[in-house]
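Below, each chain spelled out in residue letters.
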Amino acid sequence: DPWITIPLLLTLVLFVIGTRRLLRRSGRGAAALGRRARLFAGGWLLLTAALVSPLHQAGERSFGAHMFEHELIMLAAAPLLVLSEPLAIMLWGLPVRYRQAFGAWSRAAPIRHSWRFLVQPVTATLLQAAVLWIWHAPALFDLALAQEGWHAAQHLSFLMSALLFWTAMLGRRTSPAVAALCLVATSIVSGALGALMAFATSPWYEGYARLGLAPFGLTPAEDQQLAGLLMWVPGGLVHAGAALLIMRQVLRPARV
């Protein structure tokens, strides 16, 4: 799908060009640029694996595969991309006049204020939770299964809300205690949705129920229960583990 592949390729090209230009200008910063490039490559490859691979096609017939695709996007690709801090590097991938124009646009007061609001920890946490629950409402999820445009919008909203969430959680301005609390809250909110799916005895989504058995022999109800477990257990472990890592930095004794 060109609506997926072209943006993926464009971000990769901009990041590679920007990295090369910055490496020519940097001295001691080369090691940091290399670390950011490795993080970006990991996040980009995971995102590509989720969106442009047999996994994406399997998600058309299996809710479990579809959920695994979402988990890759939100729990693996998004935090790696955020840690790579790619926006400034991709800006350097643009020609000078466009770089200056985008730089001036990003410094405009409405853009700065909107960005700061969206990456506030509580705002980003509530936004991601709302996106997660709203898109898993049966009417909207069936619409995404039936129409490719809505399916792309679903994935885009999952990715953007996850990027904002991890930007807030990993940001230098965020209090570690607040970040840990938001991560624990997210593990509870997403885990509750996963648990409801895992314990449901009938399928929620008509689009999957009509298909009958999943490719690996599960009934629609069993396939949904597998999807619920994927959201509940790995999702909860990632958020809880991130909270523990953040609090470990706070509780680590200072060196004398």
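Bear in mind that the values here come from a model prediction, so they are computed numbers and not experimental data.

Rules and cut-offs
- Per chain, the residues get numbers from 1 upward, laid out in the order the sequence is written.
- In view of the model being predicted, local features appear only for residues whose pLDDT reaches at least 70, and side-chain atom pairs are presented and counted only at 80 or more, with totals across whole chains, interfaces and linings using the full set of residues.
- To get the side-chain values, all heavy atoms of the structure are used, and hydrogens and water are removed first.
- Counting from the N terminus, the helices are the DSSP runs of H or I reaching at least four residues and the strands are the DSSP runs of E reaching at least two.
- We compute the radius of gyration over the C-alpha atoms and compare it with the globule rule, which gives 2.2 Å times the number of residues raised to the power 0.38.
- Three exposure classes are used, based on accessible area relative to the maximum for each residue type with a 1.4 Å probe and protein chains only: buried under 20%, partly exposed in between, and exposed over 50%.
- Two residues qualify as a contact provided that any one of their heavy atoms is within 4.5 Å of a heavy atom in the partner residue.
- Inter-axis angles, ranging from 0 to 180 degrees, are taken between N-to-C directions of lines fitted to C-alpha atoms, where helices are fitted over the stretch in contact.
- To sort the angles, those under 35 degrees are grouped as roughly parallel, those over 145 as roughly antiparallel, those from 65 to 115 as roughly perpendicular, and the leftovers as oblique.
- By definition here, a salt bridge exists when the distance from a side-chain nitrogen of Lys or Arg to a carboxyl oxygen of Asp or Glu is within 4 Å.
- Patches were defined on residues exceeding 30% relative accessible area and lacking a salt bridge, with like-charge contacts within 9 Å and nonpolar side-chain contacts (Val, Leu, Ile, Met, Phe, Trp, Tyr) within 5 Å.
- Shrake-Rupley sampling with a 1.4 Å probe provides the accessible areas, and residues are treated as covered by the protein chains on show and by no other component.
- For our purposes a nonpolar core is just a set of buried Ala, Val, Leu, Ile, Met, Phe, Trp, Tyr and Cys residues, chained together by side-chain atoms within 4.5 Å.
- In summary, the pairing rule links any two rings of Phe, Tyr or Trp, Trp by its six-membered ring, whose centres are within 6.5 Å, and it sorts them by plane angle into stacked for under 30 degrees, edge-to-face for over 60 and tilted for everything else.
- Over a ring means this: the NZ of a Lys or the CZ of an Arg is within 6 Å of the ring centre and within 35 degrees of the ring normal.
- Left-handed describes a crossing in which the near helix is turned anticlockwise from the far one by less than a right angle; the clockwise case is right-handed.
- Note on residue categories: nonpolar means Ala, Val, Leu, Ile, Met, Phe, Trp, Tyr, Cys or Pro, charged means Asp, Glu, Lys or Arg, and polar means any other residue, Gly included.

(A) The overall build of the protein, seen in detail. When helices and strands are counted, the protein shows 13 helices and zero strands. Taken from the N to the C terminus, the helices and strands of the protein come in the order α-α-α-α-α-α-α-α-α-α-α-α-α. Compactness check: the protein gives a C-alpha radius of gyration of 20 Å against a globular reference of 18 Å for 256 residues, within 12% of the reference. Principal-axis analysis of the C-alpha atoms places the extent of the protein at approximately 60 × 50 × 35 Å. Put simply, the protein has 256 residues, and 41% of those count as buried. Within the protein, contacts between residues separated by at least 24 positions form 76% of all contacts whose residues are at least 6 apart in sequence.

(B) Examining the packing of helix 9 (residues 138–146) against helix 10 (residues 148–170) more closely. Running from N to C, helix 9 and helix 10 point in directions that differ by 120 degrees, and their axes come no closer than 5 Å. The angle between the axes of helix 9 and helix 10 places the two elements in the oblique class. Together, F141, L143, A144 and A146 of helix 9 and E148, W150, H151 and Q154 of helix 10 make up the contact between the two elements.

(C) How the structure looks around the pattern of salt bridges. Counted under the stated rule, the structure contains two salt bridges. For the salt bridge of E206 with R210, the shortest nitrogen-to-oxygen distance reads 3.2 Å. Relative accessible area serves as the criterion here: at 61%, R210 is assigned to the exposed category.

(D) Broad picture of the environment of L47. Tracing the chain through its elements places L47 in helix 2 (residues 30–51). According to the relative accessible area criterion, L47 is buried, its value standing at 7%. A C-alpha to C-alpha distance of 24 Å links L47 and A214, two positions 167 residues apart in sequence. Excluding anything up to four places from it in sequence, L47 contacts L8, I73, A77, L81 and L159.

(E) A look at a nonpolar patch on the surface. Taken together, the side chains of F199, L229, W232, V233 and L237 present a nonpolar region at the surface, about 510 Å² in accessible area. Sorting elements by how many residues they give to the nonpolar patch places helix 13 (residues 220–251) first, with four residues. Here F199 is to be found in helix 11 (residues 176–199). Using a relative accessible area of 63% as the deciding quantity, one classes F199 as exposed.

(F) Layout of the side chain of H155. Topologically, H155 is positioned in helix 10. Beyond its immediate stretch of four places on either side in the chain, H155 contacts L51, H56, H66, E69, H70 and I73.

(G) Seen up close, the nonpolar core. Counting residues in each nonpolar core, the largest one holds 52 residues, and the members touching the most others are L47, F63, I73, W166, M169, L183 and M197. When residues of this core are assigned to their parent elements, the largest contribution, 10 residues, is made by helix 4 (residues 63–83). Setting aside chain neighbours within four positions, we find L183 in contact with F165, W166, M169, H239, A242, A243 and I246.

(H) Region of the structure containing the packing of aromatic side chains. Within this structure, the stated rule accounts for 10 aromatic pairs. Centroid distance F15 to F40: 3.9 Å. Interplanar angle 5 degrees. Geometry classified as stacked. Separated by 25 residues along the polypeptide, F15 in helix 1 (residues 2–25) and F40 in helix 2 bring together distant segments of the chain. Taken individually, F15 and F40 each receive the classification buried, so the pair is uniform in this respect. In this structure, R99 packs its charged tip against the face of W92, placed 4.2 Å from the ring centre.

(I) Here's a closer look at the packing of helix 8 (residues 121–135) against helix 10. At a minimum axis distance of 8 Å, the contact between helix 8 and helix 10 shows a crossing angle of 155 degrees. When the axes of helix 8 and helix 10 are compared, the pair comes out roughly antiparallel. In the crossing of helix 8 with helix 10, the sense of the turn from one axis to the other is left-handed. Contacts from P121, A124, T125, L127, Q128, V131, L132 and W135 in helix 8 reach W150, A153, Q154, S157, F158, S161, A162, L164, F165, A168 and M169 in helix 10. Taken together, the residues of the contact of helix 8 with helix 10 sort by class into 14 nonpolar, five polar and no charged.

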